[in-house]
Amino acid sequence: MSTASPLPMNWEVPQIFHERLGDGPGRQRVMQADGHILIVTHRPPRHGERVRGGRYFWRNPAGVLQSSDLGQGPSSMIKHLEEYNGAIARLEKAENDSQSSEEYFRVISELGPLLRATRNLHSTLQSAREASGNDRTMINFRDRSYDLERSAELLYNEAKNELDFLIAQRTEQQAASSHRMAVSAHRLNILAALFFPMVTLATIFGSSLQHGWETASAPIPFFTMLIVGFVLGLLLNWFINVPIEPKPRKRHGADARIPRSP
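It should be emphasised that the depicted structure is a prediction, and the values quoted were computed from it without experimental measurement. (Residues numbered from 1 in each chain as written. Predicted model: local features only at pLDDT ≥ 70, side-chain atom pairs only at ≥ 80, totals over all residues. Heavy atoms only, no water.)

Chemist: What is the right way to read the sheet that holds strand β4 (residues 65-67) from this model?
Modeler: Note on sheets: strands pair through backbone hydrogen bonds, and any given pair is parallel or antiparallel. Read across the open sheet, the four strands follow the order β1-β2-β3-β4; overall the sheet is antiparallel. Across the chains shown, the open sheet's two edge strands, defined by having one partner strand only, are β1 (29-33) and β4. Within this sheet the neighbouring strands show an average axis-to-axis angle of 20°, counted without direction. In the sheet, β1 pairs with strand β2 (residues 36-42) via five bridges, with the strands oriented antiparallel. When the sheet's bridge partners are listed, R29 is paired in β2 with V40. Docked against the sheet, helix α2 (residues 74-97) engages β2, β3 (54-59) and β4, running at close to 150° with respect to β3. Where helix α3 (residues 101-132) meets the sheet, it contacts β1, β2 and β3, and its direction lies at approximately 175° from that of β2. (Pairing = 2+ DSSP bridges. Helix = DSSP H or I, 4+ residues; strand = E, 2+ residues; numbered from the N terminus. Axes fitted to C-alpha atoms, helices over the stretch in contact; angles between N-to-C directions. Contact = heavy atoms within 4.5 Å.)

Structure follows, in structure tokens:
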């Protein structure tokens, strides 16, 4: 089993910090011992990333803050928070540019881990603020992390609402198309039921009436038949595709007593 600590070797931190850390960062949390504060955080999650990368901040009893890879001083935590802010801004732009359900789903898939990370980061910095007393720098870090959590949460809800609206809109369009097809099929069935007995009887008894066009000029009956058939086809197409307005719902109970506006 590996016994190496993920903390920088030049940090003079209490031994208990090394003992309480595994090979990876684990969850975001705060450790405190002998006036030292260790803040265990995660880097902003990336799409498809399974294991969270750790980032550690050490505050010594003198109040000096150091990070594992972002230098020292308050600017190290500011850089860490700005990475989260940049990730949220990138997904916000992607959400604004999304047009399809697949694009919204991709944004939501990336926002989920980011929202959880910012939520845990805010909780961790709140614990760090409590451990450090009324350190105004830690208070500002805590407040900034809350803003990040709130931004990620609002963006997540907005993207989810947009996806739900898009799905509902597509469902309504499909329902309307299915209704039109059902109406057209019903009208065709009515026409078939109307003329089927007539055609059947004419076929059985072999109706052949004398109409006088047998001896007419050859092109005239043919073109007349085409014109009449085309007009009848237009009328049939209009009859099948004419829209049907839905009937207004009846008002019951208290709604029936509400007067209608003129």
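Still more ground to cover, so stick around.
Chemist: Help me understand the nonpolar core, please; the structure alone is not making it clear to me.
Modeler: The nonpolar side chains of a soluble globular protein tend to be buried, and buried together. I39, M77, L81, L111, L114, L125 and F141 are the most contacted members of the largest nonpolar core, which has 28 residues in total. Among the secondary structure elements, those contributing two or more residues to this core are β2, α2, α3 and α4 (136-205). Contacts of L114, omitting those with residues within four sequence positions, involve P45, Y84, A87, I88 and L91. (Core = buried A, V, L, I, M, F, W, Y, C linked by side-chain atoms within 4.5 Å. Buried < 20%, exposed > 50% of the residue type's maximum accessible area, 1.4 Å probe, protein only.)

Chemist: Explain the packing of α2 against α4 here, please?
Modeler: Between two packed helices, both the angle of their axes relative to each other and the distance between the axes serve to describe the pair. Where α2 meets α4, the axes come as close as 10 Å, and the angle between the chain directions of the two elements is 10°. Relative to α4, the element α2 is oriented roughly parallel. Only T137, F141, R144, S145, L148, S151, A152, L155, E158, A159 and E162 of α4 make contact with α2, whose side of the interface consists of P74, M77, I78, L81, E82, Y84, N85, I88, L91, E92 and E95. For the contact of α2 with α4, the per-class residue count stands at twelve nonpolar, four polar and six charged. (Parallel < 35°, antiparallel > 145°, perpendicular 65-115°, else oblique. Nonpolar A, V, L, I, M, F, W, Y, C, P; charged D, E, K, R; others polar.)

Chemist: Where do I start with the packing of aromatic side chains in this structure?
Modeler: The way to describe two aromatic rings as a pair is by their centre distance and the angle between their planes. One pass over the full model with this rule turns up one aromatic pair. The interplanar angle of 40° and the centroid separation of 5.7 Å between the aromatic rings of W11 and W58 together place this pair among those described as tilted. Taken together, the residues span a long stretch of sequence, with W11 in the segment before α1 (15-20) and W58 in strand β3 at a distance of 47 residues. For the pair W11 and W58, one class covers both residues: buried. (Phe/Tyr/Trp six-rings, centres within 6.5 Å; stacked < 30°, edge-to-face > 60°.)

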